[in-house]
Every structure is written in structure tokens, then in C-alpha cells.
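# A closer look at the structure
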Amino acid sequence: MSLAQLHHLSKTYALGQLRVPALTNISLQLKPACFTVLSGPSGSGKTTLLNLIAGIDRPDQGNIEIAGQSLQRLSDNALTDFRARHIGYIFQNFNLLPVLSAYENIEYPLRLNKTPPVKRRQRVLELLDAVGLADKASHRPNQLSGGQRQRVAIARALVHQPVLVLADEPTANLDSQTGAQIIALMRELQRVQQTAFVFSSHDPQVIASADHLVLLKDGHLLTPEPIREAV
Amino acid sequence: MIALALRNLWRNQRRSSTTLLAMMIGMLSILLFGGYSRTVYYGLETDFVGRSGHLQLQRKDYFWFGSGDPQGYSLHGYKQLVNDIQQDPVLAPLLRVVTPVLQFGGIAGNFDAGLSKLVIVQGVDVTAQNEMRRWNDYQLAITPELHSMNPAAGNEAEIGIGVARMLQLCAQLDVPDCPQPQLSAIDPNTQTLAADIAALAAGQLPSEPATPAKSGAQLELLAASTGGAPNVNRLQINRAVTTGAKELDEVYLAMQLAQAQQLLYGESEERVTALQIQLYHSADLEVARTRLQELISNRWPEQPLEVHDFRTLNPAFGQITGMFAAIFGFITILISAIVLFTVGNTMSMAVLERTVEIGTLRTLGLRRSGIRRLFISEGLLLGLTGALLGTALALLFAALINQAGFTWLPPGNSNPVPITIRLWGEHQMLLGIGLTVVLVATVSAWWPARRAAQQDVVDALRYV
Ligand SMILES: Nc1ncnc2c1ncn2[C@@H]1O[C@H](COP(=O)(O)OP(=O)(O)O)[C@@H](O)[C@H]1O
Ligand SMILES: [Mg+2]
């Protein structure tokens, strides 16, 4: 059974008069609890594909189905609520809310999901611990290092137990040592939480750790189907 | 949500505080002007209500035609009317003073100088009038201008300083700054008229008893009696007063009611031209008016009567307060526009700066409405803070100004009155202006908030 199915996705951006095809006819299946890496050179369409899967962008053609839910049928509000419930997103630039502490940043998705306070607190503390920042709970993002910020972002992406976590080049703004730690952390959390991860990266470390590797070039898929693993 | 808005405002302290400062200064100017307007309103109201009461009961159309025919438009059986009003269960608890006045035109003459002058005579009950003038429901720091006549000495009277000037009584009455006329300018006819009055008076009045010369002055007052025949009265003038208006000062003569009635009606039936009705509080005016109108139609059907309030009787009140209200409205609109643009600009800049943040929040699953609410609540909070601080600042400034003890000379007063900014206790104005600022700030945040919410998520995330 697949967690997500992408059918013949195409996306074109208009740059002035010019039409830039960012993705052309992408079909793909993502399995639950699987660590998938999207790789390809810069401008190959990785971010665009992740944005489509995350439901923050809509394809020009094709359809996306996540956990049995077809995304294009959803209204903007329904899609937003779907994201809040089922999707975790890790940004290249961490994108933490600067006015919130590490604790509050992690807590935010739970507030969006109206999780009761007691459960919220328990879950946030659990994740702070899991990413090794229990002692930094009250720190604001600008008091944290890059690696620490990305840990907070990872905790934020996982706290509401989404079915799918998307990460767009999460180690690109980190030095290789910190990046390696972050990948190890995500790999471990993915295993523990049994969540599906989709990663975009051209970092060999990341590619090496993938369960699946999907290669993109100029908006085309190089491997038509993800490598089927023995279940 | 509110905590988030507060922290976001705190994040750019310099910009938030500049915006707040603009709002505070705006509110300060509105409220100081508003507070000063209140002082002027209350001052005028106190003056008018003190001089002629809240309401006047008159014969129908006296207001339009009465001064041409004070006899024809007078109130009959006024003592019964006064009694009815005082005994009325609705009016009695509201009532402070009910007092009759008799107003008519006459000619005042100064024998010795051979001068005469047309005057408008107010025949008043001195005790009741002085009680009316002590009305100070707004607790203003003023001393009432009381009549100087002794009720026991029936022929004591007061004239306006203009009358004193023209009758050349300034010296006797100690009127300051009183110009002396060039003698050649005096029309011989006037002297003739004065001489006529003198002759008439000599015929009617007993010759001057040889009393020791009193302070003040004396003059003769000539009026047409009910029968149409001229009648003369000798008045002892205690002093010359100012009403604040030059035209009035040149015709003003106040004498005691009994003497005035004697002059006009002789020993016959007693009438007046109006009943002045003063209430404890201006707020009761409409209740009292309604009740008086009921009484007019049910209780006193035998003569046509009507009621006028002090605003109608003193058009200057409406003109002055109207002008202040217009300026106040103008300042409020101006300041609102400034607040609108200041807050709007602040919020637009905030939206622009936080574009990526907006994209992030949307990605995490915050709906468009949530984004909108976030920025609107920032505008609301900014407005609320500005309104509170602005009110506090205005109260502080008002207190300082009131302490400083500046004075001014309002119309109709001869003592300077302290300039006060009346804000403390003016809940309605404070609340009204505060809410206006909050509302304007919220509205001005609405447009940037909408723009923030409408942004495309991916574009917002890619924003550099
Ligand atoms: N919002 C956009 N407007 C115009 N062009 C875009 C937009 N987003 C992406 N593109 C273009 O689409 C292509 C794919 O971009 P992207 O998905 O960001 O690639 P990658 O993440 O692999 O670097 C690039 O040519 C990029 O310039
Ligand atoms: Mg990219």
C-alpha cells in the first residue's frame, strides 16, 4: 500500500513572457514509514515537487493523493487544515518564528490542531528531549545555533505526528558535521516515529542514507519508479 | 494570538513606539481641545442658565412678537402658574427656582445732564434671581455675578455700562474706561426729550427729599402704562454691570419686579412676561419640558402658553457650541486620518518584512483567516495601547494646565475665569475618542492584513 501517489504531475511557471516548465509528467508512489530522497541539480524541480506534495502549491496537471485524500479537490481552507493535520515541513532556512521560544515553536502545530494543553505539553517536552534541546526550551531562535534551530524545526515537523514529513535541503545551510548529525537524528526519529520522510538534497551523505532515491533533472524523473524494496 | 501580536509589536520597538507616539499626540490634541470645549460649554451653559433659567414659560408667540407688545403678550395669573409648577409632583423634585420676570421697553433719562436713552427693562425678583445665578451644577471655579439691589429698597436698580456711558453716569458709578462725549455732538432734540421727561417727572413724583447724597446715581424711567399714558419712576442706580455683549450693555436696565409692575400696571392686575424655570440639572430639561407642555394643554387651557429652553432663547449658545463642535469634529477627522495612515503604514511594513513568516505559518497549516486575524489583532492592540496611553497623557496634560492657573474673561463675567481642561469625569468623550482611535487603527490594519492573507504561499516562502 502506498502512502502517497503522484499521477502525471506537471507544473509550469511564468517568468514574464517566458514559460518555465518546472516539472513535467511526474508519476511517483511514496511508501509509509520510508525515507525517500529527491535528488538532482539545482533548478531541477525538487522544491517544486515537495511544495506540490506538501499541498502549498497546486499542479497545472495531474493529481496527488495522500493517505487516500485527493488534494486537488480540497478548498484552500480544507487543504490548509490537511497540512496542519498530516504534513510536517522542514525548511532549508529553518523558518522558525522569531518571537516564539523553542518550546513555543514546537508547540505551534499542536495549537493549530487544538490539542489539549496537557497533551501538548507532554508531547513538546518529549520532542525537545528527542532532539536534545531539553535545556534550550525557553531560548528564542536567535539564541540558538544553526544546528539547534534545525533541531527545533525537526521537532516542530514531527510533533503532531504527521503521516508525511517533507524536508527541502535541510542540511544545505549547515556545516557538514552538523548536517551529518541532523541526518542521523532525522533517520532515527523516522524509525522511531514510523513516519514517511521525503527529502530533497544533493548531499551525498543524505543520498547514502536513503531507502528510496528519486532523481530529477530539468523537471523530469530519471528513475520512473522508486526502487522497490523487499517488504 | 494576542500574546503573539504583542510580541510581534515588541519586536520592532522603534517603529511601534513611533506609531504609538503619533497616536498619543493625536489623542492629546483631540482631548485637550475637547476638554477645553467642555469647559466653554459648561461655562456658557452655567452663565445662561444662571441668568434666565433652563426653561421659560411665555404667552404663545411672545418669543416672536412680545417685545413689541409686552402688555398683550403677558402672562395672567402668574402666581397661580408658579404655584402649580411648584406643587406639580413631576416638576417639584427637579425644580430649583421658578421666578417671574417682566420685560418691557422704556426711556431712561438723566435729568442733570439732559440725556435720555432707550432701555429694555427687566423687572426681576432679586432674591430669586440671585439664587438662580448661584447655579453651578458643573462645579466651575467661578463666582456668580449677583444683583446688587436690596430687595427691601424697591427703587434700587442696575444699568448696563453702555447705558451709564450714554447717560454720562460713569463717574458716579465708577465705570472704568468710559469715554466722555464731545459736547457738540449732542443732538438738541435729545435734550428736549430729557427735559420733557424731567417735566413729566416733576409733575408726578414728589420733589426730591433732602436726603444725604447716596453713592451711585439716580435716573428717571419712563414707560407706557397699560392705559397708554406715560408713567415715570425714579430709580436709584447702584452700579453699572456688563453682560458681555456691547449691544445688551447699551439697553440693559434691571429693576425690581414690584416696582416695574407698578410702573406698567399701576395698582391694577399684576402680570409678567415670562416665568423663568431653573432645574437642578440640565439633564432633566426634556422631562421638565414635556411635563410643562402637558400642563399647558391640560391645566392652563384658558391662556395660550408655550415653553422655550435656554438654547432657543440664547441663539449664541448654539452658535458657539456649534462652532466648537465643528472644530472638534474637524480635528477628530484629521487625527483619525493621520492614525489611519500611520498604523496602515506600520502594518504594511510589518507584512512586507514578515512575508516569509507568513508563508511559513500558512505551510504549517494556518488558514488565511488566521493570518488576517494575526495582523488585525496587531492593529487593534496598537490602537488600544495608543488609546490608553493617549488618554493617560491627555489627563496628565489637562491636570498640568489646570494647575498652571491660566485665566480668561468669558462673555458676561467681570472676573477672570481659570482656563481649565475638563477631561476627568468626561467618560463619554474619553470613551468615544478612545474607541474611535482603536477602531481606526483596527480598520487601517485590515487592508495590509488582507493582503498578507491573500499572498500565495510559495511566493511568500521564496520572498527575499
Ligand atoms: N515561483 C516560481 N516562479 C518562477 N519560476 C520558478 C518558481 N519556482 C521555481 N521556478 C523555476 O522552476 C524550476 C525548478 O525550481 P525548483 O523547484 O526551485 O528547483 P530546485 O529546488 O531543484 O532547485 C527552476 O527553473 C526555477 O527557476
Ligand atoms: Mg530548491
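Conventions used here
- Residues numbered from 1 in each chain as written.
- Chains lettered and ligands numbered in written order.
- Predicted model: local features only at pLDDT ≥ 70, side-chain atom pairs only at ≥ 80, totals over all residues.
- Heavy atoms only, no water.
- UniProt positions renumbered as here; feature names shortened; annotations may be inferred.
- Helix = DSSP H or I, 4+ residues; strand = E, 2+ residues; numbered from the N terminus.
- Rg over C-alpha atoms; globule rule 2.2 N^0.38 Å.
- Contact = heavy atoms within 4.5 Å.
- Areas by Shrake-Rupley, 256 points an atom, 1.4 Å probe, with all protein chains shown as cover.
- Core = buried A, V, L, I, M, F, W, Y, C linked by side-chain atoms within 4.5 Å.
- Buried < 20%, exposed > 50% of the residue type's maximum accessible area, 1.4 Å probe, protein only.
- Domains from an automatic or database assignment.
- Buried area = accessible area lost by both parts, 1.4 Å probe.
- Salt bridge = Lys/Arg side-chain N within 4 Å of Asp/Glu carboxyl O.
- Polar contact = N/O pair within 3.5 Å; in protein donor to acceptor, adjacent residues only side chain to side chain.
- Nonpolar A, V, L, I, M, F, W, Y, C, P; charged D, E, K, R; others polar.
- Phe/Tyr/Trp six-rings, centres within 6.5 Å; stacked < 30°, edge-to-face > 60°.
- Lys NZ or Arg CZ within 6 Å of the ring centre and 35° of its normal.

Chain B goes by ABC transporter permease in an unreviewed UniProt entry, where it is assigned to Rheinheimera riviphila. The UniProt entry for chain B carries the following comment under Subcellular location (unreviewed entry): "Cell membrane". According to UniProt, the comment filed for chain B under the heading Sequence similarities (unreviewed entry) is "Belongs to the ABC-4 integral membrane protein family. LolC/E subfamily."

The name an unreviewed UniProt entry gives chain A is ABC transporter ATP-binding protein, with Rheinheimera riviphila as the organism. According to the UniProt record, the Sequence similarities (unreviewed entry) comment for chain A reads "Belongs to the ABC transporter superfamily. Macrolide exporter (TC 3.A.1.122) family."

Let us look at the overall build of chain B. Helix and strand counts for chain B come out as 17 helices and 11 strands. Radius of gyration (C-alpha) of chain B: 32 Å, far over the 23 Å computed for a compact globule of 464 residues. Overall size of chain B, expressed as C-alpha extent along the three principal axes, is 110 × 55 × 35 Å. Restricting the contact set of chain B to residue pairs at least 6 apart, pairs at least 24 apart contribute 78%. Approximately 21800 Å² of chain B is accessible, and the part contributed by carbon and sulfur atoms is 61%.

Turning our eyes to something else, we now look at the nonpolar core. All names here are of chain B. Of all hydrophobic cores here, the largest spans 114 residues; its most connected members are Leu 57, Ile 85, Ile 159, Leu 253 and Phe 375. Looking at this core, the element that brings in the most residues is helix H2 (residues 13-52), giving 14 residues. Each of two domains, domain 1 (2-44 + 318-461) and domain 2 (61-303), supplies a minimum of three residues to this core. Leaving out residues up to four positions away in the same chain, Ile 159 has contacts with Ala 164, Leu 169, Leu 173, Leu 219, Ile 237, Arg 239, Ala 240, Val 241, Tyr 252 and Leu 253.

Once that is clear, we can look at the interface of chain B and chain A. Where interface size is quoted, it is often the accessible area lost as the parts come together. Counting residues at the interface gives 18 residues for chain B and 23 residues for chain A. Here chain B packs against chain A, burying approximately 2000 Å² in sum over the two surfaces, 62% of which is carbon and sulfur. Looking only at chain B, the three residues that lose the most surface to chain A are B:Arg7, B:Leu364 and B:Arg367, adding up to 32% of its buried area. We note a salt bridge from A:Glu104 to B:Arg7, for which the minimum N-O separation is 2.6 Å. Viewed at the interface, chain A and chain B are joined by nine residue pairs in polar contact (both at pLDDT 80 or more). For the side of chain B that touches chain A, the secondary structure elements donating two or more residues are helix H1 (2-11), helix H14 (355-364) and helix H17 (457-462) of chain B. If one sorts the elements of the side of chain B that touches chain A by residue count, H14(B) sits on top with seven residues. Residue composition of the side of chain B that touches chain A, grouped by class: eight nonpolar, four polar and six charged.

Let's shift gears to the packing of aromatic side chains. What characterises a pair of aromatic rings is the spacing of the ring centres plus the angle enclosed by the ring planes. Following the criterion strictly, the structure yields 12 aromatic pairs over all chains and no others. Taken together, a centroid distance of 5.8 Å and an interplanar angle of 90° make the contact between B:Trp135 and B:Tyr138 edge-to-face. The exposure class assigned to B:Trp135 is buried, which follows from its relative accessible area of 2%. Among the aromatic residues, those joined into a ring-pair cluster are A:Phe35, A:Phe197 and A:Phe199. The positively charged end of A:Arg187 is found above the aromatic ring belonging to A:Phe35, 4.4 Å away from the centroid.

Here the focus is the pattern of salt bridges. Here the structure, examined in full by the defined rule, presents 30 salt bridges over all chains. Among the ionic pairs, B:Arg362 bridges to A:Asp76, the shortest N-O distance being 3.0 Å. One end of the pair, B:Arg362, is in helix H14; the other, A:Asp76, is in helix H2 (residues 76-86), on a second chain. Exposure remark for B:Arg362: the relative accessible area of 2% places this residue in the buried category. Take A:Asp76: its relative accessible area is 27%, and that puts it in the partly exposed class. The partner of B:Arg38 in a salt bridge is B:Glu426, and the shortest N-O contact between them spans 3.5 Å. Here B:Arg38, found in helix H2, pairs with B:Glu426, found in the loop between strand S11 (417-418) and helix H16 (427-454); they are 388 residues apart in sequence, far enough to count as distant.

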